[in-house]
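Here is how the chains run, residue by residue.
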Amino acid sequence: MVRRLDFHSADFVANFETLLSGKREQDSDVHDAVAKIIADVRANGDAAVLALTAQFDNLQAETMAELAVGQDEMALALDGLTTALRDALELAADRIRTFHKKQLPQDFTYEDEVGVELGMRFTPVDAVGLYVPGGKAAYPSSVLMNAIPALVAGVERRVMVVPARDGEVNPLVLAAAALAGVSEVWRIGGAQAVAALAYGTQTMGKVDKIVGPGNAFVAEAKRQVFGQVGIDSIAGPSEILVVADAHNDPNWIAADLLSQAEHDEAAQSILITDDTAFADDVAKAVEAMLPQLERATVAGQSWAYNGAIITVPSMDKMPALANRIAAEHLELALDNAAHWSGKIRHAGAMFLGRYTPEAIGDYVAGPNHVLPTARTARFSSGLGVADFMKRTTMVACDADGFAAIAPSGVELANAEGLGAHALSMRIRMNR
């Protein structure tokens, strides 16, 4: 039975806090194991990557060249798709590319009132590593969401790593890599792939930033190499908050809740509604749909252990709760959804109206589906073009402009006890 919270209940606040603070990921002490793998790759390069790939993925290779996927193999995978699947993948790629092009920042310069020129310039990183999970599932949509913003940003070298159990990489993943303009693909996964990207080997060149989700070992490896390279985030289990009134079809809302629950047992799906009868109907619809799902066991555990239905006396109470939840995905299945969205400050992505399920955003809407999880939408954002670019500020003073502002700089430098700073400015004031 899914957890039910009633705003009017005396224990609502305590139960809501428990919902927010519940730990959904299993404790896994992988720090030492990952540190050992990273040290091995740093010390032994190719040899370590080959040995670890054989150990963890049962992929025996004598040289790194055997782990590389050529552009011809990627093109062959793309050509091997059915017409319908290729059309769908190309539509998604086109929409993602169009949306992300609109994110490109603009350089600017201006001259202030004393004649000092100021400006900012945006430049891409030189190389980025794109981690793609392997395992039972294939996520070509994630390839597009990670690789296309890097391409749009102007990153010259885009390196994809993907674990290939027994040497097999899903052709759909390779097809997506071809469409997204990936420069290199390597059949390498786990912490060893992250280490190879961060530090390089005799064969693989190192990158400047690593993005993309993975298991606990990948997440820990990203933590440990941060500083040597940049990272996007440490991704947690997926989550959705659906806000819906009784004018919705309960089956639609149930399907939306299950769309996240089926990701894994630690995913979380929450419904907020202002109608108790509708809440009951959605709960029944979820139970009716579950047995029909291919991933019924996973979705069922997620819903039973982490799901929740919250009833409020009116939607006016909803924004405060939604902001506390700070969900990765927020659906507002309401009339005048745009109005309600203006009251929400914290959400990774919003989906407005009754015909905008979160699933459309996972594939073909255009905005990125790599989003902040575990309430981190309070202070972070989804993946975008800016994540692959750097800001560089510029200052240009002539003699008069410098003379207008330098005395204040000298005053502040002296106050901080930094005499050489003051001298560096003062010596120019005596021109």
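Predicted model, so just to flag it, every value in this text is computed and none were measured.

A. The packing of helix H2 (residues 31–44) against helix H8 (residues 190–199), seen in detail. Their axes nearest at 9 Å, the elements H2 and H8 cross at an angle of 45 degrees. Between H2 and H8, the angle falls in the class oblique. For the pair H2 and H8, the crossing hand works out as right-handed. Every residue of H8 that contacts H2 at Val34, Ile37, Ile38, Val41 and Arg42 is listed here: Ala191, Gln192, Ala195, Ala196 and Tyr199.

B. Here's a closer look at the side chain of Arg157. Looking at the secondary structure, you find Arg157 in strand E6 (residues 157–161). Among the polar contacts made by the side chain of Arg157, one reaches the main-chain carbonyl oxygen of Lys206 at a distance of 3.1 Å. With residues up to four places along the chain from it excluded, the contact list for Arg157 reads Asp126, Ala127, Val128, Ser183, Glu184, Met204, Gly205, Lys206 and Val207.

C. Inspection of the packing of H2 against helix H3 (residues 46–57) at higher detail. Between H2 and H3, the least distance of the axes is 6 Å, while the angle of their chain directions is 140 degrees. It follows from the interaxial angle that H2 and H3 lie oblique. Residue-level inspection shows Ile37, Asp40, Val41 and Asn44 of H2 in contact with H3, the latter providing Asp46, Ala47, Ala48, Val49, Leu52 and Phe56. Classifying every residue of the contact of H2 with H3 gives seven nonpolar, one polar and two charged.

D. Structural context of the packing of aromatic side chains. Under the defined criterion, the tally for this structure stands at three aromatic pairs. Ring geometry for Phe7 and Phe12: centres 5.2 Å apart, planes at 50 degrees, overall tilted. With centroids separated by 5.3 Å and ring planes inclined at 75 degrees, the aromatic side chains of Trp252 and Tyr355 adopt a geometry described as edge-to-face. Separated by 103 residues along the polypeptide, Trp252 in helix H10 (residues 250–261) and Tyr355 in the loop between strand E14 (349–352) and helix H15 (358–363) bring together distant segments of the chain. Here a set of aromatic residues connected by ring pairs shows up, and it is made of Phe7, Phe12 and Phe16.

E. Representation of the environment of Ala374 within the structure. Structurally, the position occupied by Ala374 is in the loop between H15 and strand E15 (389–396). Taking relative accessible area as the criterion, Ala374 reaches 43% and is therefore assigned partly exposed. Here the alpha-carbon distance between Ala374 and Ala216, two residues 158 residues apart in the chain, equals 15 Å. When near neighbours in sequence (up to four residues on either side) are disregarded, Ala374 contacts Arg24 and Glu239.

F. Looking closely at the pattern of salt bridges. Using the criterion set out here, one finds 11 salt bridges in the structure. Between Arg324 and Glu17 there is a salt bridge whose closest N-O contact spans 3.0 Å. One end of the pair, Arg324, is in helix H13 (residues 318–325); the other, Glu17, is in helix H1 (residues 12–21), and 307 residues separate them in sequence. The class of Arg324 is partly exposed, set by a relative accessible area of 41%. When its relative accessible area of 34% is taken as the criterion, Glu17 is described as partly exposed. Because the salt bridges share partners, they merge into one network encompassing Asp79, Arg86 and Glu90.

G. Broad picture of the nonpolar core. Leu67, Leu144, Met160 and Val185 are the most contacted members of the largest nonpolar core, which totals 76 residues. Every residue in contact with Leu67, bar those within four places of it in the chain, is listed here: Val49, Leu50, Thr53, Leu59, Ala61, Val185, Trp186, Arg187 and Ile188. One finds Phe16, Val243, Ala308 and Ala322 within the second-largest nonpolar core, a separate group that totals 25 residues.

H. Focus on the sheet that holds strand E3 (residues 108–111). Across the sheet, which stays open at both edges, the three strands sit in the order E3-E4-E15 with antiparallel pairing between neighbours. Of all the strands in the sheet, the pair left with one neighbour each is E3 and E15. Strand-to-strand, the axes of this sheet are offset by a mean angle of 15 degrees, without reference to chain direction. The pairing of E3 with strand E4 (residues 117–124) spans four bridges and is classified as antiparallel. Following the sheet pairing, Tyr110 is matched in E4 by Leu118.

Cut-offs and rules
Residues numbered from 1 in each chain as written. Predicted model: local features only at pLDDT ≥ 70, side-chain atom pairs only at ≥ 80, totals over all residues. Heavy atoms only, no water. Axes fitted to C-alpha atoms, helices over the stretch in contact; angles between N-to-C directions. Helix = DSSP H or I, 4+ residues; strand = E, 2+ residues; numbered from the N terminus. Parallel < 35°, antiparallel > 145°, perpendicular 65-115°, else oblique. Left-handed = near helix turned anticlockwise from the far one by under 90°. Contact = heavy atoms within 4.5 Å. Polar contact = N/O pair within 3.5 Å; in protein donor to acceptor, adjacent residues only side chain to side chain. Nonpolar A, V, L, I, M, F, W, Y, C, P; charged D, E, K, R; others polar. Phe/Tyr/Trp six-rings, centres within 6.5 Å; stacked < 30°, edge-to-face > 60°. Buried < 20%, exposed > 50% of the residue type's maximum accessible area, 1.4 Å probe, protein only. Salt bridge = Lys/Arg side-chain N within 4 Å of Asp/Glu carboxyl O. Core = buried A, V, L, I, M, F, W, Y, C linked by side-chain atoms within 4.5 Å. Pairing = 2+ DSSP bridges.

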